[in-house]
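# Reading the structure
These are the residues of each chain, in order.
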Amino acid sequence: MATPAAPAAGDNRPPSHLFYQARLRRPLASRAEGIYIWDETGRRVIDGSSGAMVVNIGHGNPRVLEAMKRQMEAATFIYRLHFENEPAERLAAALADRCPAGLDRVFFVSGGSEAVESCLKLARQYAVATGQGSRFKVISRFPSYHGSTLGALSVTGHAAFSAPFAPMMHEMPKIPAPTAYLDRDGLDMAARGRRYADMLEDEIRRQGPETVLAFIMEPIGGASTGALVAPDTYYPRIREICDRYGVLLIHDEVMSGAGRTGRYLGGDHWGITPDLVALSKGLGAGYVPLGAMIASEKLVRPVLDAGGFQHGFTYAGNPLASAAGLAVLDEIDAHDLMGNAARMGALLKARLEALKPRFPFIGDVRGKGLLLAVEFVSDPETMATLPRELNAHARVVDLAFERGLIIYSRRTRGGIDGDHFLVCPPMIVTAGEIDEIMAILDDTLLALA
Ligand code: PLP
């Protein structure tokens, strides 16, 4: 069969039989290296969002390409029910090493939704295996994003994403995300952090503790909240509350994990050990689809003893993906990319903060390491949002793209709408490249004003 011809110039349809929104029509990409992507006309664009916060070590990394080539020559796919494979074993050990003590069992998957889905199902099977069959509710936060499969969607706090599927899901209870920066209640941040954490205890009691299985949260928010960081008091209090009621704590580190925030896991900033971790994106860093659930032996043992985990995906733990994941970790270590993410993140955040006096519609700059967001407001005192019809979150992305910079945005904030964008370049970014990013952003914001 003949390959379909490329669309003629000016044809606004997607280039093939692919299925996505017309607004997302973009130029054809032809190659990528470091923090840059070139389109078919030779125009160079800075990948200021690392794709979707994925390409943490940059594009075209020779160490990863070489490791993948070597592994492809040896074996690409070995099914886990037939053989063990060394790259998967080594990657699991390397991940357990990087996680807090006690998180030592790794279950591979191919993406973030699969990682979250695996956490939910292991938690439930653990409850069943340990005589706690009445526990099935997973409390999560609003807004939040945990993935697009039905289980992950049921804990995602984003009404528009889940609405069409409501009859097909068991909608799970939600508590507000800790948007303490918006509160005008006279309390200090420490008190606000405790108050938001206590909302979990209230919800556990409302639901009936014997029915609550787990609480899932993004330690540092992703696109749904715009890199939301809770006050420091929030994190230990959440752990205490989970322990008090026998509720498992799941950290969704799909976006905040794998080193982007300057620590391997976002939760490491507060020294918290969750019961389960969902990891993806930066784990395979865009070279392969790769994700992982990391769990404590305490959870895994009873499930294995009761007959095994009733769950799994065909491509899980394949040697090619694992070899790529190992090379990504080696690259992070060899060049201290987590240290660079911390240093360059602090520099970029300070530069973004410095924009505030010139652009009064910048209400907040937040995040950690290279997971950073800028929020727009109509009034920095009241933090009132911009009118929805301005569509500022989409316009800023388009204006930046025209000027040669990719940023990432979504319109959500607390229970109401708000405009923010994320700036999350690869962890290899240099101070000179941050100058380039800032020059384009400056020009973008002038055009937006
Ligand atoms: N969890 C979080 C925090 C995410 O940011 C995402 C994706 O953006 C997911 C889960 C879902 O990951 P995937 O799109 O790889 O299924």
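All values reported here derive from a predicted model rather than from experimental measurement.

Moving on to the overall build of the protein chain. Per the secondary structure count, the protein chain includes 13 helices and 14 strands. A compact globule built from 449 residues would reach a C-alpha radius of gyration of about 22 Å, and the protein chain, at 22 Å, matches this within 12%. Along the first, second and third principal axes, the C-alpha atoms of the protein chain reach 65 × 60 × 45 Å. A total of 449 residues make up the protein chain; the buried ones form 50% of that total. The contacts of the protein chain with a sequence gap of at least 6 include a subset with a gap of at least 24, amounting to 72%.

Take the environment of Thr-261 next. Its place among the elements puts Thr-261 in the loop between β8 (248-252) and β9 (276-279). Overall, the presence of 30 C-beta atoms within 10 Å leaves Thr-261 in the buried class. Linking Thr-261 and Ile-220, residues 41 residues apart in sequence, is a C-alpha distance of 8.7 Å. Setting aside its immediate chain neighbours within four residues, Thr-261 contacts Ile-220, Ser-256, Gly-266, His-269, Ala-341, Lys-368, Gly-369 and Leu-371.

On to the pairing of strand β14 (residues 419-423), then. Within β14, 5 of the 5 residues are buried, leaving the element largely enclosed by the surrounding structure. A two-sided burial pattern is seen for β14, the buried positions comprising Asp-419, Phe-421 and Val-423 on one face and His-420 and Leu-422 on the other. Relative to β14, strand β12 (residues 371-376) runs antiparallel, the two sharing 5 bridges. Considered in β14, the bridge of Leu-372 is made with Val-423. Summarising the sheet, strand β13 (residues 408-410) and β14 pair through 3 bridges and their orientation is antiparallel. If you follow Ser-409 over to β14, its bridge partner there is Phe-421.

Take the sheet that holds strand β11 (residues 362-368) next. Sheets are built from strands paired through backbone hydrogen bonds, the pairs being either parallel or antiparallel. Ordered by their spatial adjacency, 4 strands build an open sheet running β11-β12-β14-β13, and the pairing between neighbours is antiparallel. Bordering the open sheet on either side are β11 and β13, each of which pairs with just one other strand. Direction aside, neighbouring strands of the sheet carry axes that sit 20 degrees apart on average. Relative to β12, β11 runs antiparallel, the two sharing 6 bridges. Across the sheet, residue Arg-366 finds its bridge partner in β12, namely Ala-373.

Our focus in this paragraph is the domain arrangement of the protein chain. Taken domain by domain, the protein chain holds domain 1 (22-60 + 336-448) and domain 2 (63-334). Taking the mean C-alpha position of each, domain 1 and domain 2 sit 25 Å from one another. Contacts between the two partners involve 32 residues from domain 1, matched on the other side by 34 residues from domain 2. Those elements that place two or more of their residues in the side of domain 1 that touches domain 2 are α1 (50-53), α11 (337-353), β11, β12, β13 and β14. Ranked by the residues each element gives to the side of domain 1 that touches domain 2, the list is headed by α11, at 5 residues.

Ranked by size, the top nonpolar core spans 125 residues in total, and within it Ala-123, Ala-292 and Met-293 carry the most contacts. Considering every element that reaches this core, the biggest residue donor is helix α10 (residues 319-334), with 9 residues. Shared between two domains, this core takes at least three residues from each, and those domains are domain 1 (22-60 + 336-448) and domain 2 (63-334).

Our focus in this paragraph is the packing of α11 against helix α13 (residues 431-448). Contact pair α11 / α13: the axes reach a minimum separation of 11 Å and the direction vectors enclose 25 degrees. What the angle tells us is that α11 and α13 run roughly parallel. The crossing of α11 and α13 is right-handed. Within the contact between the two elements, α11 uses Met-344, Leu-347, Leu-348 and Arg-351 and α13 uses Ala-431, Ile-434 and Met-438. Residues of the contact of α11 with α13, tallied by class, amount to 6 nonpolar, no polar and 1 charged.

Within the sequence span of helix α12 (residues 392-402), burial applies to Ala-392, His-393, Val-396 and Ala-400. One side of α12 carries all its buried residues, which in axial view fall inside an arc of 100 degrees. Where the residues of α12 are buried, they touch β12, β13, β14 and α13. At the C-terminal side of α12, Gly-404 shows a positive phi close to 100 degrees.

Okay, the site of the ligand next. Residues in contact with the ligand amount to 14 residues; listed here are only the nearest, Gly-111, Gly-112, Ser-113, Gly-147 and Val-254. With 3 residues, the top contributor of residues to the shell around the ligand is helix α4 (residues 112-129). For the shell around the ligand, the per-class residue count stands at 5 nonpolar, 7 polar and 2 charged.

Working note: α-helix, 3.6 residues per turn, so residues spaced by three or four point in the same direction. Under the 1.5 Å per step criterion, the end-to-end length of α10 is 22 Å for 16 residues, consistent within 8% with the ideal 22 Å. Among the 16 residues of α10, 13 are classified as buried, and the element is accordingly described as predominantly covered. Where α10 ends, the next residue or the one after it, Asp-336, has phi of about 45 degrees, a positive value.

Bringing the pairing of strand β10 (residues 291-296) into the picture now. The buried fraction of β10 amounts to 6 of the 6 residues, a majority that puts the element mostly inside the structure. Going residue by residue along β10, you find Gly-291, Met-293 and Ala-295 tucked away on one face and Ala-292, Ile-294 and Ser-296 tucked away on the opposite face as well. Looking at chain direction, β9 and β10 are connected through 4 bridges and run antiparallel. Across the sheet, the residue bridging to Leu-279 is Ala-292, located in β10.

Relative to each other, helix α3 (residues 86-98) and α10 sit at 40 degrees, their axes nearing to 8 Å. When the axes of α3 and α10 are compared, the pair comes out oblique. Helix-helix and strand crossings are classified by hand; for α3 and α10 the assignment is left-handed. Listed contacts from α10 to Pro-87, Ala-88, Arg-90, Leu-91 and Ala-94 of α3 are Pro-319, Ser-322, Ala-323, Gly-325, Leu-326 and Leu-329. When grouped by side-chain class, the residues that make up the contact of α3 with α10 number 8 nonpolar, 2 polar and 1 charged.

Rules and cut-offs
Residues numbered from 1 in each chain as written. Predicted model: local features only at pLDDT ≥ 70, side-chain atom pairs only at ≥ 80, totals over all residues. Helix = DSSP H or I, 4+ residues; strand = E, 2+ residues; numbered from the N terminus. Rg over C-alpha atoms; globule rule 2.2 N^0.38 Å. Buried ≥ 20, exposed ≤ 12 C-beta atoms within 10 Å, placed from the backbone. Contact = placed C-beta atoms within 7 Å. Pairing = 2+ DSSP bridges. Axes fitted to C-alpha atoms, helices over the stretch in contact; angles between N-to-C directions. Domains from an automatic or database assignment. Core = buried A, V, L, I, M, F, W, Y, C linked by C-beta atoms within 7 Å. Parallel < 35°, antiparallel > 145°, perpendicular 65-115°, else oblique. Left-handed = near helix turned anticlockwise from the far one by under 90°. Nonpolar A, V, L, I, M, F, W, Y, C, P; charged D, E, K, R; others polar. Arc of directions from axis to C-beta. Near = placed C-beta within 6 Å. Expected span 1.5 Å × (residues − 1).

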